[in-house]
Amino acid sequence: EGVKKVEVNLLLNNMTVEYDENSVSQNDIIKAVESGGYTASPLNEDKVKTSSVAEVPDESLDLKKKLQWSVVLLMILMYVTMGHMVGLALPSFLDGVKNAIPFAMTQLILTSIIMLLQKHYYINGWKALKHKAANMDTLIMLGSGAAYIYGLFAIYVMGYGLGHGNLEMVMHYRHQLYFESAAMILTLITVGKMLEARSKGRTTDALKGLMKLAPKKAVIIREGKETEVDITQVVQGDEFVVRPGENIPV
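This text gives an overview of the structure that appears in the document. For clarity, every value in this text was computed on a predicted model and none was experimentally measured.

Cut-offs applied
- Residues numbered from 1 in each chain as written.
- Predicted model: local features only at pLDDT ≥ 70, side-chain atom pairs only at ≥ 80, totals over all residues.
- Heavy atoms only, no water.
- Patch = residues over 30% accessible without salt bridge, like charges linked within 9 Å, V, L, I, M, F, W, Y side chains within 5 Å.
- Areas by Shrake-Rupley, 256 points an atom, 1.4 Å probe, with all protein chains shown as cover.
- Salt bridge = Lys/Arg side-chain N within 4 Å of Asp/Glu carboxyl O.
- Helix = DSSP H or I, 4+ residues; strand = E, 2+ residues; numbered from the N terminus.
- Axes fitted to C-alpha atoms, helices over the stretch in contact; angles between N-to-C directions.
- Parallel < 35°, antiparallel > 145°, perpendicular 65-115°, else oblique.
- Left-handed = near helix turned anticlockwise from the far one by under 90°.
- Contact = heavy atoms within 4.5 Å.
- Nonpolar A, V, L, I, M, F, W, Y, C, P; charged D, E, K, R; others polar.
- Expected span 1.5 Å × (residues − 1).
- Buried < 20%, exposed > 50% of the residue type's maximum accessible area, 1.4 Å probe, protein only.
- Core = buried A, V, L, I, M, F, W, Y, C linked by side-chain atoms within 4.5 Å.
- Pairing = 2+ DSSP bridges.
- Phe/Tyr/Trp six-rings, centres within 6.5 Å; stacked < 30°, edge-to-face > 60°.
- Lys NZ or Arg CZ within 6 Å of the ring centre and 35° of its normal.

All right, on to a nonpolar patch on the surface then. A contiguous nonpolar patch, built from Val3, Val6, Val8, Leu10 and Met15 and spanning about 460 Å² of accessible area, is present on the exposed surface. Broken down by element, the residue count for the nonpolar patch peaks at 3 residues, all from strand 1 (residues 3–9).

The subject of this paragraph is the packing of helix 6 (residues 136–163) against helix 8 (residues 179–213). Two numbers describe how helix 6 lies on helix 8: the axes approach to 7 Å, and their chain directions differ by 160°. By the criterion of interaxial angle, the relationship of helix 6 to helix 8 is roughly antiparallel. Classified by chirality, the crossing of helix 8 by helix 6 is left-handed. Residues Asp137, Ile140, Gly143, Ser144, Ala147, Tyr148, Gly151, Leu152 and Ile155 of helix 6 pack against Phe179, Ser181, Ala182, Ile185, Leu186, Ile189 and Lys193 of helix 8. Taken together, the residues of the contact of helix 6 with helix 8 sort by class into 10 nonpolar, 4 polar and 2 charged.

Look at helix 4 (residues 100–117): 26 Å from first C-alpha to last across 18 residues, which is about the 26 Å you get at 1.5 Å a residue. Ala100, Phe103, Ala104, Gln107, Leu108, Leu110, Thr111, Ile114 and Met115 are the residues of helix 4 that are buried.

Moving on: the nonpolar core. Counting residues in hydrophobic clusters, the biggest one holds 28 residues, and the most contacted among them are Ile114, Ile155, Met158, Leu177, Phe179 and Leu186. Among the elements of the structure, helix 3 (59–82), helix 4, helix 5 (119–130), helix 6, helix 7 (167–174) and helix 8 are those that each provide at least two residues to this core.

End to end, helix 8 covers 51 Å across 35 residues, agreeing with the expected 51 Å (1.5 Å per residue, within 8%). Within helix 8 the residues assigned to the buried category are Phe179, Glu180, Ala182, Ala183, Leu186, Thr187, Thr190, Met194, Ala197, Gly201 and Thr204.

Strand direction decides the pairing type here: strand 3 (residues 217–222) and strand 4 (residues 225–230), joined by 6 bridges, are antiparallel. In the sheet register, Ile221 faces strand 4, and the bridge partner there is Glu226. From the end of strand 3 to the start of strand 4, which pair antiparallel, there are 2 residues, and Glu223 there has a positive phi angle of about 55°. As judged from the 3 bridges shared by strand 3 and strand 5 (residues 239–241), these two strands associate in the antiparallel manner.

Okay, the pairing of strand 1 next. Here is the key point about a regular strand: its side chains alternate between the two faces of the sheet. In this structure, strand 1 lies alongside strand 2 (residues 14–19), joined through 6 bridges in antiparallel fashion. Bridged to Asn9 within strand 2 is Asn14. Linking strand 1 back to strand 2 in an antiparallel pair, the connection comprises 4 residues, with Asn13 at a positive phi of about 55°.

Attention now moves to the pattern of salt bridges. If you walk through the whole model with that rule in mind, you get 3 salt bridges. With a closest N to O distance of 3.3 Å, Lys5 and Glu7 form a salt bridge. Judged by relative accessible area, Lys5 falls into the partly exposed class, the value being 44%. When the shortest N-O distance is used, the salt bridge between Arg243 and Glu226 registers 2.7 Å. Taken as a pair, Arg243 in the segment after strand 5 and Glu226 in strand 4 lie far apart in primary sequence, 17 residues in all.

Time to look at the packing of aromatic side chains. Two measures describe an aromatic ring pair: the distance that separates the ring centres and the angle between the ring planes. What the rule picks out here adds up to 4 aromatic pairs. An angle of 45° between the planes, with centres 5.8 Å apart, marks the rings of Tyr150 and Tyr178 as tilted. Note that Tyr150 is positioned in helix 6 and Tyr178 in the loop between helix 7 and helix 8, a separation of 28 residues in sequence. Accessibility expressed as a relative area gives 32% for Tyr150, which makes it partly exposed. Of the residues examined, Tyr178 reaches a relative accessible area of 33% and is grouped as partly exposed. Put simply, the rings of Tyr150, Phe153, Tyr173 and Tyr178 touch in pairs and so form one group of aromatic residues. The ring of Phe103 is capped by Arg174, whose NZ or CZ atom sits 3.9 Å from the centre of that ring.

Take a look at the structure:
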């Protein structure tokens, strides 16, 4: 209530709000955004005037680093969990029923590191769930989280089985670990996110190229005199000069 107009720019990652200052404040707007599971903070006037596509960070670089580490850890994890299916031998301390706990703990550690690298899915997913606005991150959180929690349960059951000499139970739950599923979900989703970020980056690069063609200065006529100013200082109602061969600066 009290907001007249809202514009969201996905390329610049900002939002412009026109509102009635008598009935709503900046804090009210920020709280409304946060109630939807997002984050917001005020943008000062100087930054608004100079904000451009050129300032947008390349999201794919951060995703690429996380993905590289995730893939390396996932490959090790897949070797531990499924290497025997293609004839790869496990180290002696991971092989066999009696080594079920080290076998499971190795998977737990590798998966935990991947989950830590991709923790933003859990942070965003939990925020969305808390605000009753479930999104894709919520599904990722629930899917990978369920596999991880069941893996923890299987470790406890294997420990119980070893303690009571029930090797059949240990062998059964040794094959019921789903840590690699949790890690695979996170890694494959990150591949998709990185491709999406690259696509957005290419669009941004094209816009950056166009913006570089725009003049940085404008010649304004003020009080009958020509004055060269920065284009950010051009305001509505100004008269400006465009000489032959020059680009229009606004």
